[in-house]
Amino acid sequence: MKQLRNTVIRAGLGALYFSGAHFLLRPLFAGVGAIFMLHHVRPGRDDPFRPNHHLEVTPQFLRAVLAYLKSRDIDIITMDEVHQRLSNRHFARRFACFTFDDGYRDNRDHALPVMREFAAPVTLFVASDFAEGTGRLWWIALEMAIAKAEAIEVTIGGTPLRLDAATPSAKQAAFDRLHDWLRSLSEHDLRREVAALCARHGVDQAAICRDLCMSWDELQAVAADPLVTIGGHSITHCNLAHQTEAVAREELTVSRARIEAKLQREVVHLAYPYGDKIAAGQREFALASSAGYKTAVTTRPGMVFRESGRHLTALPRVSLNGNYQDARILPVLTSGAATAMWNGFRRVDAA
Ligand SMILES: [Zn+2]
C-alpha cells in the first residue's frame, strides 16, 4: 500500500510538474496553508538499501523548501498560530507550519540550524518512551536485521516463509512484506516478532532509541529555544486504533503529563503515531480533544482548508519526503494538487 501510494504520488508529481496542471488546480486545492511533516533531517547516505528513506530529508532540501516559501511570502507559523488562524477564521495570508515526529537528535543537529536561518518555528512531537530511552523503533530494527541478513525466516499466518534478502532489491521486497505484516499485528505480537527477529539477526533494539532520539535533558535544552514547541506523540508510539479505549486514552494523557513534568511547559498539540487511517480515526480524534489537545495532526496527506477549523484534531499534513527531494517539485507540493489527487479530490478527509 505504501509503495503504491509512493508510486502514485511520485508519478503524479512528475505528471503535474511537466503538464503545468498544478497551476490550473491551484485555486481549488491550495487551501489556506500546509502543515509539513518531517522525521529525520540529516546528510544523505549512499547505501542502496534504505527502506526508511522516505522518512528523511537533507538539510539542503529543507533549506530549499524554506527559501521557496519565503520567496512566495508564505507565513511560517507555530501550531498555536495554526490553531488561532483556524479558530478565528483568519485566512488573509497563506501559512506553512513545520512539524517533526519522534524527537530525533538529528532534528537538533541538522534541522534546527536551518530553521534558525529563517527564524522559522518548529514543533517536535515527542513519544515519552523515546525520550526515556526505552522506546522501540521497530521499523529501524527491521531495517537493520534485513541489512545484515542473507535471508529472513519468519512464520506469517501459520506459514513458515524464507524471504530472500541477498540483494538490495530482495531486501527491499522483504522489508515491504514484513513491514506491512508487522503493522497489521497487535502491539503485543509486534513486539514479540520484532524481538525474535532482532535476537536472530544480532540487532540491539534497545540501543536504537538511545542512538537516535533525544533524552529528556537534550529535549530540555532544545525546548528552551523560543522557536521550538513540544507536542505529544503518545507514550509507546503504538497504533492507538489497535488499543482499547482506556489504553488509548492513557497513551494520550500520561504521555502529555510526563512531557509537561519533564520539560515544564504546556503540551497542547498532538501527532498520532503512524497517523494514517488504520492508526487514527473518529474515536482517536475525539479522545485527543477530550485529553485536552487543541490540535492533532495525522499523516493523511492534504493541505489545510478553511473547513479544517471544524476538524482540529484530524488535521492533514504534507510529507516532506526523502523520495522527492527535488526543488522542481516545490511548486507542486505547495499547490496541494498532488495530495488532492491522492484524496480523490475531496477537500477534507476527516472521516
Ligand atoms: Zn512517529
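Look up: the structure comes first, before these words.
Please read all numbers here as calculations on a predicted model, not as lab measurements.

What counts and what doesn't
Residues numbered from 1 in each chain as written. Predicted model: local features only at pLDDT ≥ 70, side-chain atom pairs only at ≥ 80, totals over all residues. Heavy atoms only, no water. Donors = N, O, S within 2.8 Å, 3.2 Å for Na, K, Ca; no water. Buried < 20%, exposed > 50% of the residue type's maximum accessible area, 1.4 Å probe, protein only. Helix = DSSP H or I, 4+ residues; strand = E, 2+ residues; numbered from the N terminus. Arc of directions from axis to C-beta. Contact = heavy atoms within 4.5 Å. Pairing = 2+ DSSP bridges. Right-handed = clockwise from strand over helix to strand, strands pointing away.

Some words on the coordination of the zinc ion
Point 1. Distances from the zinc ion to its protein donors, namely Asp102 (OD), His233 (NE2) and His237 (NE2), fall within the range 2.1 to 2.2 Å.
Point 2. Mapped onto the polypeptide sequence, the residues donating to the zinc ion form the spacing pattern D-x130-H-x3-H.
Point 3. Classification of His237 by relative accessible area gives buried; the value is 6%.

Description of helix H13 (residues 282–290)
Point 1. Where H13 is concerned, the buried positions are Glu284, Phe285, Leu287 and Ala288. Down the axis of H13, the buried set is contained in an arc of 165°. They therefore lie on one face.
Point 2. Against the buried residues of H13 lie helix H12 (245–263), strand E10 (269–271) and strand E11 (295–301).
Point 3. Gly292, located one to two residues past H13, shows a positive phi value of around 100°.

What to know about the pairing of strand E5 (residues 95–101)
Point 1. With seven of seven residues buried, E5 lies mostly within the body of the structure.
Point 2. Residues Phe95, Cys97, Thr99 and Asp101 of E5 are buried on one face, and the alternating residues Ala96, Phe98 and Phe100, pointing to the opposite face, are buried as well.
Point 3. As paired strands, strand E4 (residues 75–76) and E5 are joined by two bridges and run parallel to one another. The residue bridging Asp75 from the neighbouring strand is Phe95, located in E5.
Point 4. In terms of handedness, the path from E4 via helix H4 (residues 79–87) over to E5 forms a crossover that is right-handed.
Point 5. Of the strand pairs in this sheet, E5 and strand E6 (residues 122–126) are connected by four bridges, and their pairing is parallel. Looking at E6, one finds that Phe100 is bridged to Leu124.
Point 6. Crossover E5 to E6 through helix H5 (residues 105–117) is right-handed.

Topic: the environment of Ile156
Point 1. Within the fold, Ile156 resides in strand E7 (residues 151–156).
Point 2. Remark: the alpha-carbon pair of Ile156 and Leu178, spanning 22 residues in sequence, is separated by 9.0 Å.

Details of the pairing of strand E8 (residues 159–164)
Point 1. As judged from the six bridges shared by E7 and E8, these two strands associate in the antiparallel manner. Among the inter-strand pairings, Ile156 is bridged to a residue of E8, identified as Thr159.
Point 2. The antiparallel hairpin formed by E7 and E8 contains two residues in its connecting segment, where Gly157 sits at a positive phi of about 55°.

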